[in-house]
Amino acid sequence: MNNPNIINSIYNMRLLDEAALKTTAVHRIHPLVKLVTTLAYLVVVVSFGKYETGRLLPFLFYPVVIFAFAELPVISMLKRILIVEPLIIGIGILNPLFDRQAVMFAGVLVPGGWVAFLSIFIKCSLTVTAALLLIATTGMDKLALALRMLKVPRLFVLQLLLTYRYISVLMEEVGRSLKAYSLKAPEHKGVQRSAWGPLAGQLILRTFDRAQRVYQAMCLRGFNGEYNTGGNIRLRSADLGYLAGWVLLFISLKRYDIPLIIGSLLTGVVK
Amino acid sequence: MSHHKIEVKDLHFSYPDGHKAVKGLDFSIHHGEAVGIIGANGAGKSTLLMLLMGVLFPEKGEVLVGDVHVTRKTLSVIRQRLGMVFQDPDDQLFMTTVYDDVAFGPRNYGLDEKEVEGRVLQALEMVGILHLKDRAPFKLSGGEKRAAAIASVLSMQPDVLIMDEPTAALDPKSRRRVMNLMKGFEHTKIITSHDLDMVFDVCKRVIVIKDGRIAADGSAADILANAGLMDECGLELPLSLQKCPVCGRDAGLVPYS
């Protein structure tokens, strides 16, 4: 049953493209502004120390707000984020083994390794979410435009766009090959080892061919290395407000432990 | 209108593996002509189209579009004049919406966004899929994809339309729609196909290619009705010229009625 999975993956990938076609207030923000906001978010989130796990929690505010205002499908987006979780666990799992120093966390003494692990886990989840949200509210084409405005070399931007474009080409070919294989070998579970080589070889040749034809089609319509996605979009004052608002929030969350301040204010009031 | 003329002179081409696909083609196509290029599989039709578009370059001979030679330096000019519709529309549609796809060509030629919009809407209107402009190409049906692929070429306002198997894999009604569309264009048209009834219906002139050489060049009515020639070149009479399978009488559909 490999085949439906592959085809599903293609549809899943296109979910981001489709999400990017919406016209909510967040989608209308200038792509460059969204890119810079996301970069600022990433930098601030990863700048926290490994035991500052609690300080990371307020950063959930950003994805929650974007999810809500951009009207994105929460469940299917979260599923994508889940895909990277095993990888994150793989990266962080050695921390509890090696780091046995006790640290205070939420008023309790706990092994530092676990706190650090939790911190890595939260950081990665937040950053991956932010990156996915950027694509889902901007779209690859406009993102490329924003990168070009930041003077990222044309070649890199093109590489990114074509890779993104060819992933679906490759997956379609994989889907076809697996369908053909499963029809000819109905009793096999998965692909037998003896067929791995020929299947992969065929796949790469067919994908080259297909990619070549797509590229030719692009060249025949005047493609000369510059991906034109519809002229420059003007910066509006709302865009600048969006950027300033988020960046200010991120910086103040970095400088001040706002949950602590709010907490002590509240407990102060109670006292 | 000499700039719409296409001339092919003593064209030869071999693939890197040594296979000689084109062995000395000579013909010229004039403004407004609709020419069908037919031949068995592997006869060299697709290679010829690639040579016309400057995707491949001949090892001998030359292709002239108007007065311009097809060379690496003139590609930009040539490709503005010749628009090619690929056999598989999926190869041609790669942007996220139909609109962006049709706008891809004009944007590459640096037109301003107002002009691009005008051209895109006009092209979509011509092929009758204006209502699909915001849809994702991969969600369209086969016929709609074909129409979108044609629109993506029309938006560049080419002088000559080159189509590789435009009716392949279409259901009968979609095929008819694409044929009517092609008949409605005043462009010079070069069409390769195995759908001989379509060629009979749309093209006045037919060039038959066999083993990389021209086997016949003349009016569609003469060539397509020549059972001996067709058989020799690995083809058959168009269905509309074959005997009626029910009563056995000659079927007599007349093109250009």
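Note that the coordinates shown come from a computational prediction; the quantities given were computed from them, not determined experimentally.

**Structural notes on the overall build of chain A**
Part 1 of the argument: The helix and strand inventory of chain A stands at 13 helices and 2 strands.
Part 2 of the argument: Projected onto the principal axes, the alpha-carbon positions of chain A cover approximately 75 × 50 × 30 Å.
Part 3 of the argument: Counting only contacts in chain A whose residues sit at least 6 apart along the sequence, the fraction spanning at least 24 positions is 79%.

**Some thoughts on the overall build of chain B**
Part 1 of the argument: The helix and strand tally for chain B stands at 10 helices and 10 strands.
Part 2 of the argument: For 257 residues, the compact-globule formula gives about 18 Å, and the C-alpha radius of gyration of chain B, at 19 Å, lands near that figure.
Part 3 of the argument: Structurally, chain B occupies a C-alpha span of about 55 × 45 × 40 Å along its principal axes.
Part 4 of the argument: In chain B, which comprises 257 residues, the proportion classed as buried is 44%.
Part 5 of the argument: Partitioning the contacts of chain B with sequence separation of at least 6, the portion at a separation of at least 24 is 63%.

**Considerations on the sheet that holds strand β8 (residues 188-192) of chain B**
All names here are of chain B.
Part 1 of the argument: Spatially, the 6 strands line up as an open sheet ordered β6-β7-β8-β3-β9-β10, and their pairing is mixed. One side of each edge strand has no neighbouring strand; the edge strands of this open sheet are β6 (82-85) and β10 (213-219). Averaged over all neighbouring strand pairs, the angle between strand axes comes to 15°, with direction disregarded.
Part 2 of the argument: Sheet analysis places β6 next to strand β7 (residues 160-164), joined by 4 bridges and oriented parallel. When the bridges of β7 are listed, Gly83 appears paired with Leu161.

**With respect to the domain arrangement of chain A**
Part 1 of the argument: One can read the domain layout of chain A as domain 1 (1-152 + 230-260) and domain 2 (153-228).
Part 2 of the argument: Inter-centroid distance (C-alpha atoms) of domain 1 of chain A to domain 2 of chain A is 29 Å.

**Examining the packing of helix α6 (residues 74-92) of chain A against helix α8 (residues 112-138) of chain A**
Residue and element names in this part refer to chain A.
Part 1 of the argument: α8 packs onto α6 with a crossing angle of 145° between their chain directions and a minimal axis gap of 9 Å. Once α6 is placed against α8, the crossing between them reads as right-handed. In this structure, α6 contributes Met77, Arg80, Ile81, Val84, Ile88, Ile91 and Gly92 to the contact, and α8 contributes Phe117, Ile120, Phe121, Cys124, Ser125, Val128, Thr129, Leu132 and Ala136.
Part 2 of the argument: Looking at side-chain class alone, the contact of α6 with α8 contains 12 nonpolar, 3 polar and 1 charged residues.

**With respect to helix α9 (residues 140-149) of chain A**
All names here are of chain A.
Part 1 of the argument: With 7 of its 10 residues buried, α9 lies for the most part within the structure.
Part 2 of the argument: The set of residues buried in α9 consists of Met140, Asp141, Lys142, Leu143, Ala144, Leu145 and Ala146.
Part 3 of the argument: Elements in contact with the buried residues of α9: α3 (31-46), α8 and α10 (154-184).

**Focus: the confidence of the model for chain A**
In low-pLDDT segments, the atomic positions of the prediction should not be examined closely.
Part 1 of the argument: Scored by pLDDT, chain A has a mean of 84; 93% of the residues are at 70 or more.
Part 2 of the argument: Per-element averaging of pLDDT across chain A places helix α1 (residues 2-20) of chain A at the bottom with 70 and α3 of chain A at the top with 94.

**Thoughts on the pairing of β10 of chain B**
All names here are of chain B.
Part 1 of the argument: Bridge count for strand β9 (residues 205-210) against β10 is 6 bridges, and the pairing is antiparallel. Bridge assignment links Lys210 to a residue of β10, and that residue is Arg213.
Part 2 of the argument: Remark: 2 residues form the turn of the hairpin made by β9 and β10, two consecutive strands paired antiparallel; Asp211 in that turn has positive phi of roughly 50°.

**A look at helix α11 (residues 193-220) of chain A**
Part 1 of the argument: Along its 28 residues, α11 of chain A runs 41 Å from first to last C-alpha, staying within 8% of the 40 Å computed at 1.5 Å per residue.
Part 2 of the argument: For α11 of chain A, the full list of buried residues reads Val214, Ala217, Met218 and Leu220 of chain A.
Part 3 of the argument: Here the buried face of α11 of chain A lies against α10 of chain A together with α1 (45-53), α2 (75-81), β6 and α3 (89-92) of chain B.
Part 4 of the argument: Gly222 of chain A lies just past α11 of chain A and shows a positive phi near 80°.

**Quick word on the interface of chain B and chain A**
Part 1 of the argument: On the chain A side, the residues contacting the 23 residues of chain B number 19 residues.
Part 2 of the argument: Looking at the side of chain B that touches chain A, the elements that each hand over two or more residues are α2, α3 and α4 (98-108) of chain B.
Part 3 of the argument: Sort the elements by how many residues they give to the side of chain B that touches chain A and α4 of chain B lands first, with 5 residues.

**Brief notes about the nonpolar core**
Part 1 of the argument: Leu52, Met84, Ala151, Ile162, Val199 and Val206 of chain B are the most contacted members of the largest nonpolar core, which totals 80 residues.
Part 2 of the argument: With 7 residues, helix α6 (residues 142-154) of chain B is the largest single contributor of residues to this core.
Part 3 of the argument: If we skip the residues at most four places from it in the chain, Ile162 of chain B touches Leu49, Leu52, Met53, Leu82, Gly83, Met84 and Ile190 of chain B.
Part 4 of the argument: Core analysis: the next-biggest nonpolar cluster, separate from the first, contains 33 residues, Phe59, Ala116, Ala136 and Leu145 of chain A among them.

Rules and cut-offs
- The numbers attached to residues start from 1 for each chain and follow its sequence in the written order.
- The lettering of chains begins at A and the numbering of ligands begins at 1, in the order of writing.
- Owing to the predicted nature of the model, reporting of local features is limited to residues with pLDDT of at least 70; listing and counting of side-chain atom pairs is limited to 80 or more, with chain, interface and lining totals taken over all residues.
- Strands are runs of DSSP state E lasting at least two residues, helices are runs of H or I lasting at least four, and both sets are numbered from the N terminus onward.
- We call two residues in contact when their backbone-placed C-beta atoms lie within 7 Å.
- A radius of gyration in this sense is built from C-alpha atoms; the matching globule rule multiplies 2.2 Å by the number of residues raised to 0.38.
- The exposure label follows from counting other C-beta atoms within 10 Å of a residue's C-beta, where the C-beta atoms are placed from the backbone and the thresholds are 20 or more for buried and 12 or fewer for exposed, leaving partly exposed in between.
- Only strands that DSSP links by at least two bridges are regarded as paired with each other.
- As a rule, the C-alpha atoms of each element are fitted with a line to give its axis, helices using only the stretch in contact, and angles between N-to-C directions run from 0 to 180 degrees.
- Domain extents, as shown, originate in an automatic or database domain assignment.
- Note: crossing handedness is left-handed where the near helix turns anticlockwise from the far helix by less than a right angle, and right-handed where it turns clockwise.
- Ten residues, namely Ala, Val, Leu, Ile, Met, Phe, Trp, Tyr, Cys and Pro, are considered nonpolar, four, namely Asp, Glu, Lys and Arg, are considered charged, and the remaining ones, Gly among them, are considered polar.
- Every residue carries a pLDDT, the predictor's confidence in it, which falls somewhere between 0 and 100.
- Helix span is expected to be 1.5 Å times the residue number reduced by one.
- Think of a nonpolar core as buried Ala, Val, Leu, Ile, Met, Phe, Trp, Tyr and Cys residues, each tied to the set through C-beta atoms within 7 Å.

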